[in-house]
Amino acid sequence: MRKNKNKRQPAKRKVASQTQNSKRPRSDSPKRTESPQLTPFEIFFKEIEKFSKLHMKDRDRVQEILQSMQKAGSKTLQVISDFDMTLTRFEYNGKRCPTCHNILERSDAISSDCKKKLQELLDKYYPIEIDSTLSVEEKLPLMVEWWTKAHELLVNQKIKKAGLAKAVKDSEAKLRDGYQYFFDHLNEHSIPLLIFSAGIGDILEEVIRQTEVFHPNVKVISNYMDFDESGVLKAFKGELIHIYNKKEGALLNTGHFQELRTRTNVLLLGDSLGDLNMADGVQDMENILKIGFLNDKVEERKQSYLDSYDIVLIKDETLDVPNAVIRFLTE
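Rules behind the numbers
Residues numbered from 1 in each chain as written. Predicted model: local features only at pLDDT ≥ 70, side-chain atom pairs only at ≥ 80, totals over all residues. Heavy atoms only, no water. Helix = DSSP H or I, 4+ residues; strand = E, 2+ residues; numbered from the N terminus. Buried < 20%, exposed > 50% of the residue type's maximum accessible area, 1.4 Å probe, protein only. Contact = heavy atoms within 4.5 Å. Areas by Shrake-Rupley, 256 points an atom, 1.4 Å probe, with all protein chains shown as cover. 1 Å grid on protein atoms, 1.4 Å probe; cavity = no way out; pocket = protein on both sides within 12 Å on 5 of 7 lines; lining within 4 Å. Points joined across faces, edges and corners; volume = space filled by probe spheres on them. Axes fitted to C-alpha atoms, helices over the stretch in contact; angles between N-to-C directions. Parallel < 35°, antiparallel > 145°, perpendicular 65-115°, else oblique. Nonpolar A, V, L, I, M, F, W, Y, C, P; charged D, E, K, R; others polar. Salt bridge = Lys/Arg side-chain N within 4 Å of Asp/Glu carboxyl O. Phe/Tyr/Trp six-rings, centres within 6.5 Å; stacked < 30°, edge-to-face > 60°. Pairing = 2+ DSSP bridges. Right-handed = clockwise from strand over helix to strand, strands pointing away. Core = buried A, V, L, I, M, F, W, Y, C linked by side-chain atoms within 4.5 Å.

**Student:** Would you mind showing me how to read the overall build of the protein chain here?
**Tutor:** Tallying secondary structure elements over the protein chain gives 13 helices and eleven strands in all. Put simply, the protein chain has 331 residues, and 47% of those count as buried. For the protein chain, long-range pairs separated by at least 24 residues make up 70% of all intrachain contacts whose partners lie at least 6 apart in sequence. About 18000 Å² of surface is accessible on the protein chain, with carbon and sulfur atoms providing 48% of the total.

**Student:** What should I look at first to understand the layout of surface pockets in this one?
**Tutor:** If a probe as big as a water molecule is rolled over the atoms, it shows which places are left empty. Considering only enclosed or pocket space, the largest pocket measures out at about 760 Å³ in volume. In terms of lining residues, the largest pocket is bounded by 35 residues, among which Thr-99, Leu-122, Tyr-126, Glu-129 and Trp-146 are the most central. The set of elements that each furnish at least two residues to the lining of the largest pocket consists of α4 (100-105), α5 (112-129), α6 (136-155) and β5 (193-200). The dominant element in the lining of the largest pocket, judged by the number of residues it contributes, is α5, at eight residues.

**Student:** Please explain the packing of helix α2 (residues 40-48) against helix α13 (residues 320-330) as it appears in this structure.
**Tutor:** What describes two packed helices is the angle between their axes and the distance between those same axes. Running from N to C, α2 and α13 cross one another at 175°; their axes reach a closest spacing of 11 Å. Classified by the angle their axes make, α2 and α13 are roughly antiparallel. Seen from α2, the contacting residues are Pro-40, Phe-41, Phe-44 and Ile-48; seen from α13, they are Ala-324, Val-325 and Phe-328. Of the residues belonging to the contact of α2 with α13, the class tally is seven nonpolar, no polar and no charged.

**Student:** Is there a simple way to explain the pattern of salt bridges in this structure?
**Tutor:** Two side chains carrying opposite charge are able to pair once their charged atoms lie near each other. All chains considered together, the criterion is met by 16 salt bridges. Salt-bridge contacts for Lys-50 lead to Glu-47; the nearest nitrogen and oxygen are separated by 3.2 Å. Judged by its relative accessible area of 59%, Lys-50 is exposed. Among the residues examined, Glu-47 registers a relative accessible area of 41% and is labelled partly exposed. Taking the shortest distance from any N to any O, the salt bridge between Glu-172 and Lys-95 comes out at 3.2 Å. Taken together, the residues span a long stretch of sequence, with Glu-172 in the loop between α7 (164-169) and α8 (179-188) and Lys-95 in strand β4 (residues 95-96) at a distance of 77 residues. Judged by its relative accessible area of 38%, Glu-172 falls in the partly exposed class. With a relative accessible area of 47%, Lys-95 lands in the partly exposed category. It is possible to trace a salt-bridge network through shared partners that takes in Asp-82, Lys-246 and Asp-275.

**Student:** What should I look at first to understand the packing of aromatic side chains in this one?
**Tutor:** The geometry of two aromatic rings is summed up by the distance between their centres and the angle between their planes. Per the stated rule, a full pass over the model turns up nine aromatic pairs. Ring geometry for Phe-41 and Phe-44: centres 6.2 Å apart, planes at 50°, overall tilted. In this pair, Phe-41 and Phe-44 are both assigned in helix α2, three residues apart and thus about one turn of the helix distant. We classify Phe-41 as buried; its relative accessible area is 7%.

**Student:** In this structure, what is going on with the environment of Phe-182? I would like to understand it.
**Tutor:** Along the chain, Phe-182 turns up in helix α8. Residue classification places Phe-182 among the buried positions, given a relative accessible area of 0%. When sequence neighbours within four positions are dropped, the list of residues in contact with Phe-182 reads Val-79, Leu-87, Leu-193, Leu-269, Leu-319, Pro-322, Asn-323 and Ile-326.

**Student:** Is there a simple way to explain the pairing of strand β6 (residues 218-223) in this structure?
**Tutor:** For a regular strand, side-chain orientation follows a simple rule: the groups alternate between the two sheet faces. Taking burial as the measure, the six residues of β6 include five buried ones, the bulk of the element. Summarising the sheet, β5 and β6 pair through five bridges and their orientation is parallel. Looking at the pairing, Ile-200 lines up with Asn-223 of β6. For the segment spanning β5, helix α9 (residues 201-210) and β6, crossover handedness is right-handed.

**Student:** Which parts of the structure should I look at to understand the nonpolar core?
**Tutor:** General note: in soluble globular proteins, nonpolar side chains tend to be found buried as a group. Membership of the largest hydrophobic core comes to 74 residues, with the highest contact counts inside it found for Leu-66, Phe-182, Phe-183 and Ile-195. Looking at which element gives the most residues to this core, the answer is α6, with seven residues. When sequence neighbours within four positions are dropped, the list of residues in contact with Phe-183 reads Leu-87, Leu-175, Leu-193, Ile-195, Ile-208, Val-213, His-215 and Val-218. Residues Phe-257, Leu-268, Val-282 and Leu-306 belong to the second largest nonpolar core, which totals 21 residues.

Interpretation in functional terms is not warranted from these geometric data alone.
Following this line, the structure appears as structure tokens:
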């Protein structure tokens with residue numbers, strides 16, 4: 001047996017040698033070419049393009065921005081985001097999710113008569129807000145009118161501060177899938193997150209607090225309630241922030257942006273054209289990548305979103321794409 005085995009050994013070595021040689025590309029063979037090795041950026045970009053809900057008007061521009069931001073490093077990055085329908089879901093199981101205002105409107109803190117009046121305001125003004133045929137200038141006074149009337153109705157309800165946590169807990173508000181990574185990863189890398197919202201700041205903060213992602217790197221600019229000594233709502237503080245005056249709000253908060261003057265690269269997240277101005281207070285901005293969530297009236301608004309945002313996510317209830325971008329910029 002040993003003798004036969006020894007006779008077969010050379011044959012095995014020959015086969016092995018032939019196999020090794022066959023793996024080597026032949027320089028004289030036109031049929032075999034080596035594919036170029038992809039760079040980390042090329043791999044990343046191929047990955048995000050796999051998301052079927054992602055759309056871009058100018059792919060090359062997005063590549064240039066991302067490459068420039070990565071080269072500058074994560075220490076130059078800050079994130080500015082809207083809240084309602086941007087960090088929160090638009091719908092869940094086919095049902096609309098509430099905004100910050102909706103959370104209060106649907107709670108026990110509001111009378112049935114007030115709920116009816118608030119719904120009437122929504123039915124009247126929301127179609128105006130998303131009407132692609134109207135200019136911002138045309139919408140502006142109507143948005144002020146809407147927010148002012150809504151706030152007056154809420155103030156008249158004598159809402160108690162102690163009841164806000166219960167209103168949020170009992171609500172169907174949900175942050176987008178992937179929120180845990182989004183908030184935690186930004187905090188771990190000490191990247192500032194500014195949440196700029198036309199909603200109600202007290203409710204917004206409670207939503208984040210109850211999901212346990214209200215980290216030290218988070219700052220909120222929004223409409224905050226003013227309570228009297230007994231904890232009853234008496235007014236709203238400061239200047240009204242609505243969907244189409246975030247530019248002014250950004251400029252009013254230049255102190256915040258001055259503190260971040262070395263953060264010259266911005267990742268901006270929004271769900272309306274009014275959100276595009278949230279970064280106007282940033283000092284000496286070098287790059288801004290704008291990601292827009294198109295949640296409603298898609299066919300009517302798709303082109304205007306593609307013209308305005310670098311990346312448009314259509315009916316995407318996740319933060320998968322922003323998370324992929326953040327991951328890439330912090331690697």
